[in-house]
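# What the coordinates show
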Amino acid sequence: MWQCHSLDLSVQRNAILPIGFQLTDNTDSQPIGLSGITVTCRVRFAAGSASVLASPAVTVVDSGAGKFDILFDGRNLSAVAGTQETVALYYEVLGTDADGPMPILRGHLYLQP
């Protein structure tokens with residue numbers, strides 16, 4: 001199974017940040033196939049916040065190799081206050097299978113002016 005990792009990211013307002021990821025086993029670093037797993041991403045004001053600000057697009061690139069892309073689009077966060085300052089938000093990537101959702105990746109998403 002995988003272990004959740006932390007990674008802080010930055011995206012400029014009105015800019016697009018595409019990032020590729022590969023899900024691997026935390027014991028032997030072998031790829032974990034994404035068959036039967038739905039990968040989603042959510043951006044919130046803070047961890048645990050019920051309000052979702054954006055749901056970045058997730059595209060499975062190679063299911064067997066556990067590869068997926070996430071498209072963080074700063075244009076979808078234009079309503080966030082503080083347009084002249086860096087605003088710290090929170091994002092999480094979840095993998096959901098028959099057993100329910102499990103975190104894959106999470107961290108701060110810094111929205112830059």
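Residues numbered from 1 in each chain as written. Predicted model: local features only at pLDDT ≥ 70, side-chain atom pairs only at ≥ 80, totals over all residues. Heavy atoms only, no water.

## Concerning the overall build of the protein
Along the protein, the regular secondary structure elements total zero helices and nine strands. Seen in sequence order, the protein has helices and strands lined up from the N terminus as β-β-β-β-β-β-β-β-β. The C-alpha atoms of the protein give a radius of gyration of 14 Å, which matches the 13 Å a tight globule of 113 residues would have. Once the C-alpha set of the protein is aligned to its principal axes, its extents read approximately 45 × 25 × 20 Å. Counting over 113 residues, the protein shows a buried share of 36%. At a minimum sequence separation of 6, the contacts of the protein that also span at least 24 residues come to 63%. Within the structure as shown, the protein displays about 6100 Å² of accessible surface, and the carbon and sulfur contribution to it stands at 49%. (Helix = DSSP H or I, 4+ residues; strand = E, 2+ residues; numbered from the N terminus. Rg over C-alpha atoms; globule rule 2.2 N^0.38 Å. Buried < 20%, exposed > 50% of the residue type's maximum accessible area, 1.4 Å probe, protein only. Contact = heavy atoms within 4.5 Å. Areas by Shrake-Rupley, 256 points an atom, 1.4 Å probe, with all protein chains shown as cover.)

## Notes on the pattern of salt bridges
A complete count under the given rule lists two salt bridges for this structure. R44 serves as the salt-bridge partner of E92, at 3.5 Å between the closest nitrogen and oxygen. Residue E92 is located in strand 8 (residues 87-97), and its partner R44 is located in strand 4 (residues 38-44); the two are separated by 48 residues in the primary sequence. (Salt bridge = Lys/Arg side-chain N within 4 Å of Asp/Glu carboxyl O.)

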